[in-house]
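Summary of structural features
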Amino acid sequence: MDISSLTKSTALLIGLSCLGLLSACQKTNEQPKVQHQTVSSQTLVAYPSYQQTQAFSGIVKASNTTAIGFELSGKINQLDVDIGDNVTKGQLLAKLDIQLLQTEQNRLKANLTQNQADLDLALSTLKRSLSLTQKNYISEQQIDELKGQVNRLKATKTQLNAAYAANQLKIQKSDIIAPFKGIISQKYHHVGEVISTGTPIYTLVESNTPQAYIGVPSEIAKTLSLQKPIDIKVGNQHYPAVIEGISGELNPVTRTVEIRFSLPTSSQVMNGEMAYFTHIQHIEKPGYWVPISALSDGIRGLWNIYILTPNNKNTFNVERRDIDILYSNQDQAYIQGPISANQLYIDQGAHKLIPGQKVSITKPEAKQ
């Protein structure tokens, strides 16, 4: 190879190297394109007030729920109804064994018959003796003794009549009679058991006067009035109820005032079911409704919302604002703070961002 050929090859290699260096330099001078995180946003809408909805729970009770039993002790001889039976006022529900009472009744009848016979004889004797006093055939002392005998027999008769009436009352009270129309909810004893005085045999629940007892805060109780129509929910059903009574004292445990609501007689409810009263209060305070997803925990127990402020490169800066939650429900919160209407805020995913971060946004949607 001659010198001229070598020189040409060297020059070619040097040229290619320069081209490579120039290309590398050009690539180094190009600025990489920055990708900003895209966030979802909405526009703050100001409201002058909000409605606060509060739900309170209570229990359904019949206006009359009574544990009924015998006023006497004895052996149960008959039970005519059972759990779930409907009974009418005056219906016979149960009986005690009254053999001893019947025996006593027969004895008292016999004593009354004997007493009446003795009294009739004493009265006849006294009458004859009084006619003989005019002829001095009988002394005054004998007359007084006969009068005393008649009075004693009359007193004995009064005692026997009282004992007989008490016996009759005991026989009557050996029956349990339904004091009102209702449903048997409990039965505690069986035939043949010996029970003591006042032992409950049944629990009777009045069936045509259901009521709901619900506790509410005192400030709400003060806004309610008797006979005010109220919607009460029991199970999945809503019933038009009326306020029948408002307690005059706070419950020391729950710190609530008990309200008694009267439900329609046709209500398909059961004793002990849960009842719910929803109270809606209109509160005049300016603020903004935002979804719960727009809020994040702050320091010292505060809540935060992230506001978007535009810059000159079609992006937005993230700014954190401390806010107060005035009211919240399952989906939204009504807030106040250093924010204003028509500002953009991040409505979800704020926990993934930091203040000062630049982001881009999807098309914002104003809250209706």
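The sections below set out a description of the structure shown in this document. (Residues numbered from 1 in each chain as written. Predicted model: local features only at pLDDT ≥ 70, side-chain atom pairs only at ≥ 80, totals over all residues. Heavy atoms only, no water.)

1. What to know about the sheet that holds strand 5 (residues 65-69)
As summarised here, the arrangement of the four strands in space is 5-12-10-7, forming an open sheet in which the pairing is antiparallel. Every interior strand has two partners, whereas the edge strands, strand 5 and strand 7 (86-87), have only one. Of the pairings in the sheet, the one linking strand 10 (residues 182-187) to strand 12 (residues 200-206) comprises five bridges and is antiparallel in character. Across the sheet, Lys187 pairs through a bridge with Tyr202, a residue of strand 12. (Pairing = 2+ DSSP bridges. Helix = DSSP H or I, 4+ residues; strand = E, 2+ residues; numbered from the N terminus.)

2. Thoughts on helix 2 (residues 99-132)
Since the α-helix packs 3.6 residues into each turn, any two residues three or four apart lie on the same face. Compared with the 50 Å implied by 1.5 Å per residue over 34 residues, the 50 Å span of helix 2 between its first and last C-alpha is a close match. For helix 2, every residue scored as buried is listed here: Leu101, Gln105, Leu108, Leu112, Asn115, Leu119, Ala122, Leu126 and Ser129. Looking at the buried residues of helix 2, the elements they touch are helix 3 (140-172). (Expected span 1.5 Å × (residues − 1). Buried < 20%, exposed > 50% of the residue type's maximum accessible area, 1.4 Å probe, protein only. Contact = heavy atoms within 4.5 Å.)

3. Things to note about the nonpolar core
One finds Ile214, Val216, Ile232, Ile259, Phe261 and Phe277 to be the most contacted residues of the largest nonpolar core, which totals 21 residues. Those elements giving two or more residues to this core turn out to be strand 4 (50-62), strand 13 (210-216), helix 4 (218-221), strand 14 (229-234), strand 15 (237-246), strand 16 (257-262) and strand 17 (274-283). Listed in part, the 18 residues of the second largest apolar core include Ile68, Phe70, Leu72 and Ala178. (Core = buried A, V, L, I, M, F, W, Y, C linked by side-chain atoms within 4.5 Å.)

4. Some points on the packing of aromatic side chains
Scanning all chains against the criterion turns up six aromatic pairs. Consider the rings of Tyr50 and Tyr327, whose centres lie 5.8 Å apart with planes at 20 degrees: the pair is stacked. Placement of Tyr50 in strand 4 and of Tyr327 in strand 21 (residues 316-328) is noted, with a sequence separation of 277 residues between them. Neither residue differs from the other here; Tyr50 and Tyr327 are each classed as buried. Plain terms: the ring middles of Tyr50 and Tyr334 are 4.5 Å apart, the flat faces sit at 35 degrees to each other, and that makes the pair tilted. Taken together, the positions of Tyr50 in strand 4 and Tyr334 in strand 22 (residues 332-336) put the pair 284 residues apart, joining distant regions of the chain. The class of Tyr50 is buried, set by a relative accessible area of 6%. Three or more aromatic residues joined by ring pairs form one cluster here, namely Tyr50, Trp289, Tyr327 and Tyr334. If you follow Lys61 out to its NZ or CZ, it ends over the ring of Tyr213, 5.1 Å from the centre. (Phe/Tyr/Trp six-rings, centres within 6.5 Å; stacked < 30°, edge-to-face > 60°. Lys NZ or Arg CZ within 6 Å of the ring centre and 35° of its normal.)

5. Focus on the sheet that holds strand 15
In space, the six strands of this closed barrel follow the order 4-13-16-15-14-17, with antiparallel pairing throughout. Adjacent strand axes in the sheet meet at a mean angle of 40 degrees when their direction is disregarded. Inspection of the sheet shows strand 14 paired to strand 15 by six bridges, in the antiparallel sense. Across the sheet, residue Asp231 finds its bridge partner in strand 15, namely Pro240. (Axes fitted to C-alpha atoms, helices over the stretch in contact; angles between N-to-C directions.)

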